[in-house]
Amino acid sequence: MTDQSSLLLRKQLAELNKNPVEGFSAGLIDDDNIHQWEVVVIGPQDTLFEGGFFKAYLTFPLDYPHRPPKMKFITEIWHPNVAKNGDVCISILHEPGEDKFGYEKPEERWLPIHTVETIMISVISMLADPNGDSPANVDAAKEWREDPCGEFKRKVARCVRKSQEMAFD
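Residues numbered from 1 in each chain as written. Predicted model: local features only at pLDDT ≥ 70, side-chain atom pairs only at ≥ 80, totals over all residues. Heavy atoms only, no water.

A.B. asks: Just give me the short version of the layout of surface pockets, but keep the residues and values in it.
C.D. replies: The computed volume of the largest pocket comes to approximately 340 Å³. What lines the largest pocket is a set of 16 residues, among which Cys 89, Ile 90, Ser 91, Glu 104 and Asn 131 lie closest to the centre. In terms of residue class, the lining of the largest pocket is made up of five nonpolar, seven polar and four charged. (1 Å grid on protein atoms, 1.4 Å probe; cavity = no way out; pocket = protein on both sides within 12 Å on 5 of 7 lines; lining within 4 Å. Points joined across faces, edges and corners; volume = space filled by probe spheres on them. Nonpolar A, V, L, I, M, F, W, Y, C, P; charged D, E, K, R; others polar.)

Below is the structure:
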């Protein structure tokens with residue numbers, strides 16, 4: 001399975017290099033490990049995250065695409081669907097099958113047809129439109145629901161500024 005996984009990831013990386021997708025860039029952390037990627041998400045226009053450069057790691061399992069990668073922001077980001085440690089919590093990165101808690105339909109969870117591009121488009125969409133019903137960061141979700149233009153906006157703006165400073169270090 002590792003060979004198949006490696007071939008698929010190399011193909012997806014080559015495709016992204018040949019035809020970049022707006023909103024993010026992707027590459028390998030180490031050229032010798034196709035299963036460890038670094039991505040930079042550009043804060044979507046007309047959102048509180050606009051202007052930010054948020055670095056994250058995508059770690060692919062050896063049996064990819066049958067199981068989803070894990071995504072973790074390295075750049076600080078304040079968002080209801082990103083845990084305080086940076087772990088991204090969105091449906092398509094959840095293991096395939098039934099949700100034991102009943103929040104997600106199987107078709108909303110990981111499917112082997114997903115690619116790095118579809119994952120990243122979902123993450124960009126998540127930045128623009130948080131899911132407050134199933135937060136990974138309860139504090140951010142509470143602020144987003146109760147005071148989106150106050151404390152939440154202030155914390156996001158601080159993260160955007162820090163991401164801009166780090167992008168040019």
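A.B. asks: Lay out the sheet that holds strand E3 (residues 53-59) with the relevant residues and their values.
C.D. replies: Strand pairing in a sheet takes place through backbone hydrogen bonds and is either antiparallel or parallel in direction. Taken in spatial order, the four strands make up an open sheet running E1-E2-E3-E4, and their pairing is antiparallel. Of all the strands in the sheet, the pair left with one neighbour each is strand E1 (24-28) and strand E4 (70-73). Across this sheet, the average inter-strand angle for adjacent strands is 25°, counted without regard to direction. Note: E3 against E4, four bridges, orientation antiparallel. Residue pairing in the sheet places Leu 58 in a bridge with Met 71 of E4. (Pairing = 2+ DSSP bridges. Helix = DSSP H or I, 4+ residues; strand = E, 2+ residues; numbered from the N terminus. Axes fitted to C-alpha atoms, helices over the stretch in contact; angles between N-to-C directions.)

A.B. asks: Go over the nonpolar core, please, and point to the residues and values.
C.D. replies: Among the nonpolar cores identified, the biggest contains 39 residues, and Trp 37, Val 41, Leu 58, Met 71, Phe 73, Met 120 and Val 123 are the most heavily contacted of them. Mapped by element, the contributors of at least two residues to this core are helix H1 (2-18), E1, strand E2 (36-42), E3, E4, helix H2 (116-128) and helix H4 (151-167). The element that contributes the greatest number of residues to this core is H2, accounting for seven residues. Not counting chain neighbours up to four residues away, the residues in contact with Leu 58 comprise His 35, Gln 36, Trp 37, Val 39, Pro 69, Lys 70, Met 71, Val 116, Ile 119 and Met 120. (Core = buried A, V, L, I, M, F, W, Y, C linked by side-chain atoms within 4.5 Å. Buried < 20%, exposed > 50% of the residue type's maximum accessible area, 1.4 Å probe, protein only. Contact = heavy atoms within 4.5 Å.)

A.B. asks: If you had to explain the pattern of salt bridges to someone new, which residues and values would you point to?
C.D. replies: Between side chains of opposite charge, pairing is possible as soon as their charged atoms come close. Applying the stated criterion across every chain, the model contains eleven salt bridges. Between Lys 72 and Asp 87 there is a salt bridge, and its shortest N-O distance comes to 3.3 Å. Of the two residues, Lys 72 is situated in strand E4 and Asp 87 in the loop between E4 and H2; the sequence distance between them amounts to 15 residues. Residue class for Asp 87 comes out partly exposed when judged on its relative accessible area of 33%. Between Lys 155 and Glu 143 there is a salt bridge, and its shortest N-O distance comes to 2.8 Å. In this pair, Lys 155 sits in helix H4 while Glu 143 sits in helix H3 (residues 138-146), placing the two residues twelve residues apart along the sequence. Accessibility assignment for this pair places Lys 155 and Glu 143 in one class, buried. A cluster of three or more residues bridged by salt bridges with shared partners is formed by Glu 143, Glu 151, Arg 154 and Lys 155. (Salt bridge = Lys/Arg side-chain N within 4 Å of Asp/Glu carboxyl O.)

A.B. asks: How would you sum up the UniProt feature "active site" (unreviewed entry) in the chain? Please name residues and give values.
C.D. replies: Here, UniProt's "active site" (unreviewed entry) annotation points to Cys 89. Note that Cys 89 resides in the loop between E4 and H2. Exposure remark for Cys 89: the relative accessible area of 22% places this residue in the partly exposed category. In contact with Cys 89, other than residues within four places in its own chain, are Asn 81, His 94 and Ala 136. (UniProt positions renumbered as here; feature names shortened; annotations may be inferred.)

A.B. asks: So what's going on with a nonpolar patch on the surface? Residues and values would help.
C.D. replies: A cluster of nonpolar side chains, Ile 42, Phe 53 and Phe 168, forms an exposed patch at the surface whose accessible area comes to about 310 Å². Mapped onto the elements, Phe 168 comes out in the segment after H4. Take Phe 168: its relative accessible area is 67%, and that puts it in the exposed class. (Patch = residues over 30% accessible without salt bridge, like charges linked within 9 Å, V, L, I, M, F, W, Y side chains within 5 Å. Areas by Shrake-Rupley, 256 points an atom, 1.4 Å probe, with all protein chains shown as cover.)

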